[in-house]
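# Structure assessment
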Amino acid sequence: MVFHAIGMWLLAASIPLWIYRWIVYSKLDERERLIFSRIIKQRHENAFAFALRMFGYLVALAAAVIVLVMGLRYFKHGTAQIGAYRETIRGRLYSGYEPVDQMLDTFHYDQLLPIAILTTCALLSVAFTLVATALRDISTVRRLSRKVEGMKERQSAEK
């Protein structure tokens, strides 16, 4: 439940960040945009590859936790069955809107535990990648703008 809330907050935070990113990017001229795209391609990892790598790490971490919990359950109760997410996790994230809550029940809480964990890992991967990519791009544009302004000031001082 906590990871769902984190994922949803990250998705909500990514919307204004991407809007601000596009505003800052639109203020660049054509030459600066080419420099920006070259910097992103050469120095930074592709966002899709970053999301896949993060998804892999989260799945590996979740698998390790599941194996640990199921192992402890087997030692305590003598069974290691995997049920629905609803049976394992009692707390739920509800929005307060009936159609959204029914959709959450159908697509997440009624799924088997491994599938529910995979969807949670996917949500976290996508949400964190959106936020991290927007922040990276905003930072790169700001640094690029400062360097270009410094170069313009040096050129005007030389003349």
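Rules of the game
- Residues numbered from 1 in each chain as written.
- Predicted model: local features only at pLDDT ≥ 70, side-chain atom pairs only at ≥ 80, totals over all residues.
- Heavy atoms only, no water.
- Patch = residues over 30% accessible without salt bridge, like charges linked within 9 Å, V, L, I, M, F, W, Y side chains within 5 Å.
- Areas by Shrake-Rupley, 256 points an atom, 1.4 Å probe, with all protein chains shown as cover.
- Salt bridge = Lys/Arg side-chain N within 4 Å of Asp/Glu carboxyl O.
- Helix = DSSP H or I, 4+ residues; strand = E, 2+ residues; numbered from the N terminus.
- pLDDT = per-residue confidence, 0-100.
- Buried < 20%, exposed > 50% of the residue type's maximum accessible area, 1.4 Å probe, protein only.
- Expected span 1.5 Å × (residues − 1).
- Contact = heavy atoms within 4.5 Å.
- Polar contact = N/O pair within 3.5 Å; in protein donor to acceptor, adjacent residues only side chain to side chain.
- Phe/Tyr/Trp six-rings, centres within 6.5 Å; stacked < 30°, edge-to-face > 60°.
- Lys, Arg positive; Asp, Glu negative; His and termini not counted.
- Charge placed at Lys NZ, Arg CZ, Asp CG, Glu CD.

### Brief notes about a nonpolar patch on the surface
Residues Leu68, Leu72, Tyr74 and Phe75 make up a contiguous nonpolar surface patch of roughly 510 Å² in combined accessible area. Residue placement: Leu72 occurs in helix α3 (residues 47–77).

### Digging into the confidence of the model for the chain
On average, residues of the chain carry a pLDDT of 83, and 84% of them reach 70 or more. Mean pLDDT in the chain bottoms out at helix α4 (residues 85–88), which sits at 60, and peaks at helix α1 (residues 2–26), which reaches 89.

### Some remarks on the environment of Ile6
Mapped onto the fold, Ile6 is located in helix α1. Given the relative accessible area of 39%, Ile6 is considered partly exposed. In this structure the C-alpha to C-alpha distance between Ile6 and Ala127, which are 121 residues apart in sequence, comes to 8.9 Å.

### Examining α3
Over its 31 residues, α3 extends 44 Å from the first C-alpha to the last, a length consistent with the 45 Å expected when each residue adds 1.5 Å. Among all positions of α3, only Ala51, Met54, Ala62, Ile66 and Met70 are buried. Where α3 is buried, its residues meet α6 (113–158). Between a side-chain oxygen at the N-terminus of α3 and the backbone nitrogen of Phe48 the separation is 3.3 Å; the capping residue is Asn46. Among the residues trailing α3, Gly78 stands out with phi positive, at a value near 85°.

### Re the packing of aromatic side chains
Remark: the centre distance and the inter-plane angle together describe each pair of aromatic rings, the angle taken between the planes. Taken as a whole, this structure holds 5 aromatic pairs when the rule is applied. Arranged with centres 6.4 Å apart and planes meeting at 35°, the rings of Trp18 and Trp22 form a pair that is tilted. Here Trp18 pairs with Trp22, and both are found in helix α1, just 4 residues apart, close to one helical turn. Measuring from ring centre to ring centre gives 5.7 Å for Trp22 and Tyr25, while their planes differ by 90°; the resulting arrangement is edge-to-face. In this pair, Trp22 and Tyr25 both sit in helix α1, 3 residues apart, roughly one turn of the helix.

### A look at the environment of Leu144
Among the structural elements, Leu144 can be located in helix α6. In this structure Leu144 comes out as buried when scored by relative accessible area, which is 7%. Residues Leu144 and Ile39 lie 105 residues apart in sequence; the distance between their C-alpha atoms is 9.5 Å. With residues near it in sequence (within four places) discarded, Leu144 still touches Glu32, Ile35, Phe36 and Ile39.

### Quick notes on a positive patch on the surface
Taken together, Arg43, Arg142, Arg143, Arg146 and Lys147 make up a surface patch of like positive charges. Considering every element that reaches the positive patch, the biggest residue donor is α6, with 4 residues. With respect to the element layout, Arg142 can be found in helix α6. The exposure class of Arg142 is partly exposed, given its relative accessible area of 44%.

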